[in-house]
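Observations on the three-dimensional arrangement
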Amino acid sequence: MYSSTSNEMMYSPPPSAPPEPPQPPLFTPHSFHSMYPTPPVVPTANISANVSNKKVGITAPNFPSSHVPGPWSTGLCGCCEDVGSCCLTCWCPCVAFGRIAEIVDRGSTSCGVSGAIYLLMMSATGCSCLYSCFYRSKLRGQYFLDESPCADCCVHCCCEECALCQEYRQLQNQGFDMSIGWHGNIERQKRGIAEPPSKQNEMNRWE
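An account of the accompanying structure is given in this report. Because the structure is predicted, anything quoted here is derived from the model rather than measured. (Residues numbered from 1 in each chain as written. Predicted model: local features only at pLDDT ≥ 70, side-chain atom pairs only at ≥ 80, totals over all residues. Heavy atoms only, no water.)

The next subject is the overall build of the protein. Within the protein one finds 11 helices and zero strands. Scanning the protein from its N terminus toward the C terminus, one meets helices and strands in the order α-α-α-α-α-α-α-α-α-α-α. For the protein, with 207 residues in total, the buried portion stands at 29%. Sequence separation of 24 or more characterises 65% of the internal contacts of the protein that already satisfy a separation of 6 or more. A total accessible area of about 14,200 Å² is found for the protein, and carbon and sulfur atoms account for 64% of it. (Helix = DSSP H or I, 4+ residues; strand = E, 2+ residues; numbered from the N terminus. Buried < 20%, exposed > 50% of the residue type's maximum accessible area, 1.4 Å probe, protein only. Contact = heavy atoms within 4.5 Å. Areas by Shrake-Rupley, 256 points an atom, 1.4 Å probe, with all protein chains shown as cover.)

So this is what it looks like as structure tokens:
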């Protein structure tokens with residue numbers, strides 16, 4: 001009854017569905033490692049060895065060998081090596097100390113002022129050793145001497161006269177004329193009468 005042409009016109013296939021959007025690639029551990037490779041593992045033992053062998057930015061100070069404390073030129077009980085300074089210290093310790101203090105202070109204090117302070121402390125308190133031990137420490141610092149046979153305060157408290165004699169002889173062996181004071185020694189050196197020997201020459205002579 002119906003023609004084939006009319007059947008074909010009346011029947012039309014259903015419209016096709018729209019294409020699906022592209023799916024993102026699946027994330028897998030393998031793909032992550034391919035994008036971001038793992039850095040090489042460095043052994044910690046090698047790192048610690050390199051750090052210990054190479055001290056970055058830290059250097060130890062290198063002090064000259066001449067700054068190592070050395071021995072005194074004479075012993076604490078060597079008072080008889082210089083009878084003149086021994087007698088001066090026994091009879092007038094304030095004068096001996098005043099001369100020592102003037103040389104150690106390099107002329108900033110006079111022998112008379114230092115000796116008067118020493119005599120005043122000795123008469124009022126009997127503890128002049130507390131004042132004189134300070135100059136022993138200062139003398140050691142100037143000439144890099146050992147703190148021997150014990151601490152400076154103990155040496156002066158127990159053997160005040162012997163300590164002053166040793167310090168007096170030490171300055172004499174450094175080339176100072178103790179009777180003319182600091183300024184007198186400077187003037188003598190300028191005139192070229194006698195030049196105080198250097199510390200290195202003095203140490204070579206003791207050896």
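Still more to cover.
In this structure the tally under the stated criterion is five salt bridges. Close ionic contact of Arg136 with Asp152 constitutes a salt bridge, the shortest N to O distance being 3.7 Å. Here Arg136 is found in helix α7 (residues 129–143), whereas its partner Asp152 is found in helix α8 (residues 152–158), with 16 residues between them in sequence. Judged on exposure class, the residue Arg136 and its partner Asp152 are both buried. We note a salt bridge from Glu147 to Arg140, for which the minimum N-O separation is 3.9 Å. Residues joined in a network through salt bridges with shared partners are Arg136, Arg140, Glu147, Asp152 and Glu167. (Salt bridge = Lys/Arg side-chain N within 4 Å of Asp/Glu carboxyl O.)

Our focus in this paragraph is the packing of aromatic side chains. This model, assessed by the stated rule, comprises six aromatic pairs. A centroid spacing of 5.7 Å and a plane angle of 90° characterise the contact between Tyr131 and Tyr135, whose relative ring orientation is edge-to-face. Of this pair, Tyr131 and Tyr135 both sit in helix α7, four residues apart, roughly one helical turn. Under the relative-accessibility criterion, Tyr131 is labelled buried at 17%. Among the residues examined, Tyr135 registers a relative accessible area of 6% and is labelled buried. Their ring planes at 85° and their centres at 5.4 Å tell us that Phe134 and Tyr135 sit as a pair that is edge-to-face. With a relative accessible area of 49%, Phe134 lands in the partly exposed category. Every member of this aromatic cluster is reached through a ring pair, and the members are Phe97, Tyr118, Tyr131, Phe134 and Tyr135. (Phe/Tyr/Trp six-rings, centres within 6.5 Å; stacked < 30°, edge-to-face > 60°.)

This part is about the environment of Tyr143. Mapping Tyr143 onto the fold places it in helix α7. On the accessibility criterion, Tyr143 (14% relative accessible area) is buried. Measuring from C-alpha to C-alpha, the distance between Tyr143 and Gln174 comes to 9.2 Å, with 31 residues separating the pair along the chain.

One turn of an α-helix holds 3.6 residues; hence residues three or four places apart share an orientation. All of the buried residues along helix α4 (residues 83–91) are Ser85, Cys86, Leu88 and Thr89. Burial along α4 is one-sided: seen end-on, the buried residues are contained in an arc of 165°. Exposed side chains of α4 directed beyond 90 degrees from the buried face belong to Val83 and Trp91. Looking at the buried residues of α4, the elements they touch are α5 (93–104) and α9 (160–173). (Arc of directions from axis to C-beta.)

Take the nonpolar core next. Counting 21 residues, the largest nonpolar core has Phe97, Ile100, Leu171, Phe176 and Met178 as its most contacted members. Counting only elements with at least two residues in this core, the list comes to α5, α7 and α9. Phe176 has contacts with Ile103, Tyr143, Leu171, Trp182, Asn185 and Arg188, leaving out every residue within four places of it along the chain. (Core = buried A, V, L, I, M, F, W, Y, C linked by side-chain atoms within 4.5 Å.)

So, on to the packing of α4 against α5. Packing of α4 against α5 leaves a shortest axis separation of 5 Å and a crossing angle of 115°. Judged by residue contacts, Leu88, Thr89, Cys90 and Trp91 of α4 engage Pro93, Val95, Ala96 and Arg99 from α5. Split by residue class, the contact of α4 with α5 holds six nonpolar, one polar and one charged. (Axes fitted to C-alpha atoms, helices over the stretch in contact; angles between N-to-C directions. Nonpolar A, V, L, I, M, F, W, Y, C, P; charged D, E, K, R; others polar.)

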